[in-house]
Amino acid sequence: MPPFFDVRPSAQPIAVAERLARMADPGFGRVFTDHMAVIRWSEADGWHDAHIAARAPLVMDPASSVFHYAQEIFEGMKAYRLADGGTALFRPTANARRFRDSASRMAMPELPEALFVEAIERLVAIDRDWVPASGVEGSLYLRPFQIASEVFLGVKPSTEYLFMVIASTVGAYWKGGERAISCWVSPDHTRAAPGGTGAAKCGGNYAASLLAQKEAIAQGCDQVVFLDAVERRWVEELGGMNLFFVFDDGSVATPPLTGTILPGITRDSLLTIARDLGVAVREERYAVDQWRADATSGRLAEAFACGTAAVVTTIGEVQDAQGRFTIGGGRAGPVTTALRDALLAIQRGVAADPHGWLHRL
Ligand code: PLP
Ligand code: COI
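Let me sum up the structure you'll find in this document.

Here is what the cut-offs are and how they apply
- Residues numbered from 1 in each chain as written.
- Chains lettered and ligands numbered in written order.
- Predicted model: local features only at pLDDT ≥ 70, side-chain atom pairs only at ≥ 80, totals over all residues.
- Heavy atoms only, no water.
- Helix = DSSP H or I, 4+ residues; strand = E, 2+ residues; numbered from the N terminus.
- Rg over C-alpha atoms; globule rule 2.2 N^0.38 Å.
- Buried < 20%, exposed > 50% of the residue type's maximum accessible area, 1.4 Å probe, protein only.
- Areas by Shrake-Rupley, 256 points an atom, 1.4 Å probe, with all protein chains shown as cover.
- Lys, Arg positive; Asp, Glu negative; His and termini not counted.
- Charge placed at Lys NZ, Arg CZ, Asp CG, Glu CD.
- Pairing = 2+ DSSP bridges.
- Contact = heavy atoms within 4.5 Å.
- Expected span 1.5 Å × (residues − 1).
- Phe/Tyr/Trp six-rings, centres within 6.5 Å; stacked < 30°, edge-to-face > 60°.
- Lys NZ or Arg CZ within 6 Å of the ring centre and 35° of its normal.
- Near = heavy atom within 4 Å.
- Polar contact = N/O pair within 3.5 Å; in protein donor to acceptor, adjacent residues only side chain to side chain.

A word on the overall build of the protein chain
Next up, step 1: Counting secondary structure elements, the protein chain contains eight helices and 19 strands.
Next up, step 2: Against the compact-globule benchmark of 21 Å for 361 residues, the protein chain has a radius of gyration of 21 Å, which places it among compact chains.
Next up, step 3: The dimensions of the protein chain, computed from C-alpha atoms along their principal axes, are 65 × 50 × 35 Å.
Next up, step 4: Here the protein chain holds 361 residues, and 53% of them are scored as buried.
Next up, step 5: Split by element, the accessible area of the protein chain, about 15700 Å² in all, is 54% carbon and sulfur.
Next up, step 6: Charge separation in the protein chain, taken as the distance between the mean sites of 35 positive and 42 negative side-chain charges, equals 2 Å.

Below, the structure is given as structure tokens:
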């Protein structure tokens, strides 16, 4: 049997000097590699036409259903250069699993996990020179996504899909490097309601978050924090990151996975690392009024946001309708720093990997 993936290397890869110039200060999500992975799905053929090809614009019919009804899902993950010179993915099967869950929620065909991982492995293999050296902050950010490509304006699940992976050399997510961020608690907008799509990684969730994020910026804050849609009371997550709270007794809490927040892989990893470090962890609801009261009294010592792109980022200040409050002096605290360092050490291959999270390439 021929291999399922057809690898067609680019005839015009970016010249070495130009690649190095682009990789020097890549920022986030603007520097792309030479190739992309593609797999198609149709009712008749299932998953087929798997290939790696030169990265190129897509030609799509304007009536493709993704443009109208937003049947789209994506993932975000990273390939890291390890201390020993090797390259690894971090928990790729967890992303593959979540991608299937997102597909199921959006009435899309589920890509088998092995194919998801193989597409990424093959793309990173051919574009390995785009993975930054070890010892620097950068990594190769991978963006798998799946779109409805049937040419039809009726509202129904598409009968054709395109799965793709693109890759982007990235540095720090935040402009200006590592610093504490400020958060605006949106009084008017929610991200996800019970029964909705909050636990799926679908583009529509992000489109719906942008107005609130714009308001956060207008309020002089970096990011929006969403409250639950029913009581407008419980702190859920940011537009693209989960939330953690660190208390003065050293314990750590994060909102539970009730179906309205994204089950972050960084979140899950940090819960595990915290337990390994002997930290008491709780998945429990946290009210915004309590957040303010605890930050003011000092019961809340630290807060941070986490995700693949943003890693672990201190939340120094929060603003809601009642005004601003500061957490832990507005600086990164010892628990946040310890958890971040422990996670990075595993991802970079400089610490033991007791849970087998590194997937060497
Ligand atoms: N919450 C949202 C809404 C996100 O977009 C992300 C980023 O992917 C996360 C949380 C964190 O998830 P992960 O740690 O898997 O990247
Ligand atoms: C990620 O962390 O991978 C995301 O998808 C979130 C986005 C803000 C970049």
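So much for the structure itself; the text now carries on.
Some words on the pairing of strand β7 (residues 87-90)
Next up, step 1: On β7, burial covers both faces: T87 and L89 on one face and A88 and F90 on the other are all buried.
Next up, step 2: Relative to β7, strand β6 (residues 77-81) is paired through three bridges, and the arrangement is antiparallel. The residue of β7 that forms the bridge with A79 is L89.
Next up, step 3: Connecting β6 to the next strand, β7, in antiparallel fashion are five residues, including G85 with a positive phi near 95°.
Next up, step 4: Pairing of β7 with strand β19 (residues 358-360) involves three bridges; the strand directions are antiparallel. Along β19, the bridge assignment pairs L89 with H359.

A look at the side chain of Q223
Next up, step 1: Along the chain, Q223 turns up in strand β11 (residues 223-227).
Next up, step 2: Beyond its immediate chain neighbours, meaning those up to four positions away, Q223 contacts W174, I181, S182, C183, W184, Q213, A216, L238 and M241.

Observations concerning helix α6 (residues 265-276)
Next up, step 1: Between the first and last C-alpha of α6 there are 16 Å, a value that for 12 residues agrees with the 16 Å anticipated at 1.5 Å per step.
Next up, step 2: Taken together, the buried positions of α6 are occupied by I265, T266, R267, S269, L270, L271, T272, I273 and A274.

Focus: the packing of aromatic side chains
Geometry of an aromatic ring pair is reported as the spacing of the ring centres plus the angle between the planes.
Next up, step 1: Counting across every chain of the model gives 15 aromatic pairs.
Next up, step 2: A cation over an aromatic ring shows up here: R55 above the ring of F32, its NZ or CZ 4.4 Å from the ring centre.
Next up, step 3: A cation over a ring is seen here: R285 above W234, with NZ or CZ 4.0 Å from the ring centre.

A short note on the pairing of strand β17 (residues 311-320)
Next up, step 1: In terms of burial, β17 is a largely internal element, nine of the 10 residues being buried.
Next up, step 2: As judged from the four bridges shared by strand β10 (residues 181-185) and β17, these two strands associate in the parallel manner. Directly across from C183, in β17, lies its bridge partner V318.
Next up, step 3: One ladder, built from four bridges, connects strand β16 (residues 300-307) with β17; its direction is antiparallel. Bridged to F304 within β17 is T314.
Next up, step 4: With antiparallel pairing between neighbouring strands as the criterion, β16 and β17 make up a hairpin whose turn holds three residues.
Next up, step 5: Relative to strand β18 (residues 323-326), β17 runs antiparallel, the two being bridged by four bridges. Residue Q319 lies in a different strand from β18, and its bridge partner there is R324.
Next up, step 6: Hairpin connection of β17 to β18: two residues between the antiparallel strands.

Here's the deal with the site of ligand 2
Next up, step 1: Neighbouring ligand 2 are F74, G76, Y141, R143, Y173, K201, G240, T308 and A309.
Next up, step 2: Between ligand 2 and the protein, one listed contact pairs an oxygen atom with a side-chain N or O atom of Y141 at 2.6 Å.
Next up, step 3: T308 is positioned such that a nitrogen or oxygen atom in its backbone is 3.5 Å from an oxygen atom of ligand 2.
Next up, step 4: Contact with the protein chains hides 87% of the accessible area of ligand 2, taken as 280 Å² for the molecule alone.

These results come straight from atomic positions and should not be treated as a statement about function.
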